[in-house]
Amino acid sequence: MPRDDMTSPLIQKIGRQALLTFRGLGSADPGKGFSDNLAQLRKLVSEIRAEDLKIRPRKNKTTPPPISVPHNPPVTYMHICETDAFSMGVFLLKGGTGIPLHDHPGMHGMLKVLYGKVRIMGFDKMEAPADLPPPPQPYQRSSVLRAALRSSGEYGDGSPPCLLSPHRDNLHQITAVDGPAAFLDILAPPYDPDDGRDCHYYKLLPPGAR
């Protein structure tokens, strides 16, 4: 369960509820039981605060540190726990930085801002037109992926958790605005390239570009 230096009664509850929600979840319609458990998990996650995980935003310095990827990465990940059913951790973003557009193949996700503000743009993958030959990979033709903008908005520590599913908002990009930001991230099931759940990164192209 959660690592010792980020343990709190609430994060323990979140971990147990995430296990209950996502354990044994298959590709078929999960049904009402899943919806009820997901609603309870969302309620618990909405209560989490930065103090519960003993993190706080870094103070701004007059002179910025020299750029050094090993020592000053723009995005840092703090692992909390991982099971066969889900993974949980915290992303810390420097102001103006973010996580590029990426996907979560066959996965559910929940994101809760702990401090700062982030802008999230979510996209839905679109099926290829019927008159085109079958793509080499699902939803993909050559190196171009067709997707529709599903949602766009800014989230702060008072915002409800942001949700994604295998077919809704599964592609998204996250950018810190107005300073540093951090968010709790739950993914279910975890990434596993051997099981077809590898992360792919994308670049937005103008409409009509090929």
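What you see is a predicted model, and the numbers here were worked out from it, not measured in a lab.

Focus on the overall build of the protein
When helices and strands are counted, the protein shows two helices and nine strands. For the protein, the α and β elements follow one another from N to C terminus as α-α-β-β-β-β-β-β-β-β-β. Going through the 210 residues of the protein one by one, you find that 37% of them count as buried. Here the protein has roughly 12,300 Å² of accessible surface; of this, 53% comes from carbon and sulfur atoms.

Overview of the environment of Ile99
Considering the arrangement of structural elements, one finds Ile99 in strand β3 (residues 98-102). Take Ile99: its relative accessible area is 11%, and that puts it in the buried class. Separated by 24 residues in sequence, Ile99 and Val75 have C-alpha atoms that sit 7.7 Å apart.

Points about the confidence of the model for the protein
On average, residues of the protein carry a pLDDT of 83, and 77% of them reach 70 or more. The lowest-confidence element of the protein is strand β5 (residues 140-141), averaging 44 in pLDDT; the highest-confidence one is strand β2 (residues 87-93), averaging 96.

Let's talk about the nonpolar core
The biggest cluster of nonpolar side chains holds 28 residues, and the ones touching the most others in it are Ile14, Val90 and Leu184. Considering each element in turn, this core owes the most residues, five residues, to helix α1 (residues 9-22). Those residues within four positions of Leu184 in sequence are excluded, and the remaining contacts are Ile11, Val45, Ile48, Leu53, Ile80, Met88, Gly89, Val90, Met110, Leu111, Lys112 and Leu114. Listed in part, the twelve residues of the second largest apolar core include Leu93, Val113, Ile120 and Phe183.

Here we look at the pairing of β2
Within β2, seven of the seven residues are buried, which leaves the element mostly enclosed by the surrounding structure. The alternating pattern of β2 places Ser87, Gly89, Phe91 and Leu93 and Met88, Val90 and Leu92 on opposite faces, both of which are buried. Here strand β1 (residues 75-82) pairs with β2 via seven bridges, running antiparallel. If you follow Cys81 over to β2, its bridge partner there is Met88. Connecting β1 to the antiparallel partner β2 that follows it, the hairpin turn spans four residues. Of the pairings in the sheet, the one linking β2 to strand β9 (residues 171-188) comprises seven bridges and is antiparallel in character. Residue Phe91 lies in a different strand from β9, and its bridge partner there is Phe183.

Overview of the packing of aromatic side chains
Per the stated rule, a full pass over the model turns up three aromatic pairs. Ring centres of Phe91 and Phe183 lie 5.3 Å apart, and the angle between their planes is 25°; this geometry places the pair in the stacked category. Of this pair, Phe91 sits in strand β2 while Phe183 sits in strand β9; the two residues are 92 residues apart in sequence, bridging distant segments of the chain. Here the aromatic residues Tyr77, Phe91 and Phe183 are joined through ring pairs into a cluster of three or more.

Calculation criteria
As a convention, each chain's residues are numbered from 1 in the sequence order in which they are written. Restriction of local features to residues with pLDDT of at least 70 applies here, the model being predicted, together with a cutoff of 80 or more for giving and counting side-chain atom pairs; totals for whole chains, interfaces and linings are based on all residues. Side-chain descriptors were evaluated using all non-hydrogen atoms of the structure, hydrogens and water having been removed beforehand. Secondary structure counts use DSSP, requiring at least four H or I residues in a row for a helix and at least two E residues in a row for a strand, with both numbered from the N terminus. The buried label applies to any residue whose accessible area, calculated with a 1.4 Å probe on protein chains only, is under 20% of its type's maximum; exposed applies above 50%, and partly exposed to all values in between. Per-residue and other accessible areas were derived by the Shrake-Rupley procedure at a 1.4 Å probe size, with only the shown protein chains allowed to occlude residues. On a scale of 0 to 100, pLDDT captures the predictor's confidence in every residue. In this description, a nonpolar core means a group of buried Ala, Val, Leu, Ile, Met, Phe, Trp, Tyr and Cys residues linked to one another through side-chain atoms lying within 4.5 Å. Throughout, a contact is declared for two residues whenever any of their heavy atoms are within 4.5 Å. At least two DSSP bridges between two strands are required for those strands to pair. Between 30 and 60 degrees the pair is tilted, below 30 it is stacked and above 60 it is edge-to-face, where a pair is any two Phe, Tyr or Trp rings, Trp via its six-membered ring, whose centres lie within 6.5 Å.

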